[in-house]
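A closer look at the structure
These are the residues of each chain, in order.
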Amino acid sequence: MFRLETEVDKGRRSLLSRRLRDDNTARSPELRALRTTRAGRELPLEVWAVDIEGAVAGGLTGRTWAHWLHVDQLWVDARHRGRGLGSLLLAEAERVAAADRGCTRSRLETWGFQAPGFYRERGYEVSGRVENYPPGVTEFILTKDLASPS
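Scoring rules and cut-offs
- Residues numbered from 1 in each chain as written.
- Predicted model: local features only at pLDDT ≥ 70, side-chain atom pairs only at ≥ 80, totals over all residues.
- Heavy atoms only, no water.
- Pairing = 2+ DSSP bridges.
- Helix = DSSP H or I, 4+ residues; strand = E, 2+ residues; numbered from the N terminus.
- Axes fitted to C-alpha atoms, helices over the stretch in contact; angles between N-to-C directions.
- Patch = residues over 30% accessible without salt bridge, like charges linked within 9 Å, V, L, I, M, F, W, Y side chains within 5 Å.
- Areas by Shrake-Rupley, 256 points an atom, 1.4 Å probe, with all protein chains shown as cover.
- Salt bridge = Lys/Arg side-chain N within 4 Å of Asp/Glu carboxyl O.
- Buried < 20%, exposed > 50% of the residue type's maximum accessible area, 1.4 Å probe, protein only.
- Core = buried A, V, L, I, M, F, W, Y, C linked by side-chain atoms within 4.5 Å.
- Contact = heavy atoms within 4.5 Å.
- Expected span 1.5 Å × (residues − 1).

In this section: the sheet that holds strand β1 (residues 43-50). A sheet is described by the order of its strands in space; here six strands give the open sequence β1-β2-β3-β4-β6-β5, paired in mixed fashion. Two strands bound the open sheet, and with one partner strand each, they are β1 and β5 (125-130). Strand-to-strand twist across the sheet, computed as the mean angle between neighbouring axes with direction ignored, equals 20°. Taken together, the eight bridges between β1 and strand β2 (residues 56-65) define a ladder with antiparallel strand orientation. Bridged to W48 within β2 is G59.

Shown next, in the form of structure tokens:
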């Protein structure tokens, strides 16, 4: 008999993550081999645009793992949009991921009302879409070959 609990538990989440990682590594020779390399460590990657007064005008957060850059968030303050700042942030993240961390591909998710066109113009291709996530919105999954010119 089991009791199901729904409270948030950081310790259990960490335990679950470790156990799933261990199980996946044991079952996949590719993951086992990857885990012994530098690319097998997930590392955060952040790029910030700071104005002359020190305020954040835009930023990109993500991580690198398994020769992939995963862009989590890209934002530019409304006052600075349309001037290429988003492109600069993305290009710098891709440069660091490729040149310093050996990444060959990039991926991200964006909603239909956000920026799928922006990313497609920069060489990203739609590899998937999820309708009604959240309800009424389409989420796009985009990828890019970092070795190809944009």
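On to a nonpolar patch on the surface. A grouping of W48, V50, V56 and W75 is seen on the molecular surface, where their side chains present a nonpolar patch of about 420 Å² in accessible area. With respect to the secondary-structure elements, W48 resides in strand β1. The class for W48 is partly exposed, based on a relative accessible area of 48%.

Here we come to the nonpolar core. Here is a general trend for soluble globular proteins: nonpolar side chains tend to be buried in one another's company. In terms of nonpolar packing, the biggest core is built from 22 residues, with L45, L60, L89 and Y119 touching the most fellow members. The dominant element in this core, judged by the number of residues it contributes, is helix α3 (residues 85-101), at six residues. The contact partners of L89, leaving out residues within four places of it in the chain, are V47, W48, A49, G58, G59, L60, L74, W75 and V76.

This brings us to α3. The end-to-end C-alpha distance of α3, which contains 17 residues, comes to 23 Å, matching closely the 24 Å that a straight helix rising 1.5 Å per residue would cover. Buried within α3 are the following residues: L85, G86, L89, L90, A93, E94, V96 and A97. Contacts from the buried residues of α3 go to β1, β2, β3 (68-76), α4 (116-121) and β6 (139-145).

Turning next to the pattern of salt bridges. Applying the stated criterion across every chain yields a total of 12 salt bridges. Here R107 ties to E109 by a salt bridge, and the two come within 2.5 Å at their closest N and O atoms. Taking relative accessible area as the criterion, R107 reaches 29% and is therefore assigned partly exposed. Across the pair E131 and R129 runs a salt bridge whose closest N-O atoms are separated by 2.8 Å. A relative accessible area of 51% places R129 in the exposed class.

The analysis is restricted to geometry; functional conclusions fall outside its scope.
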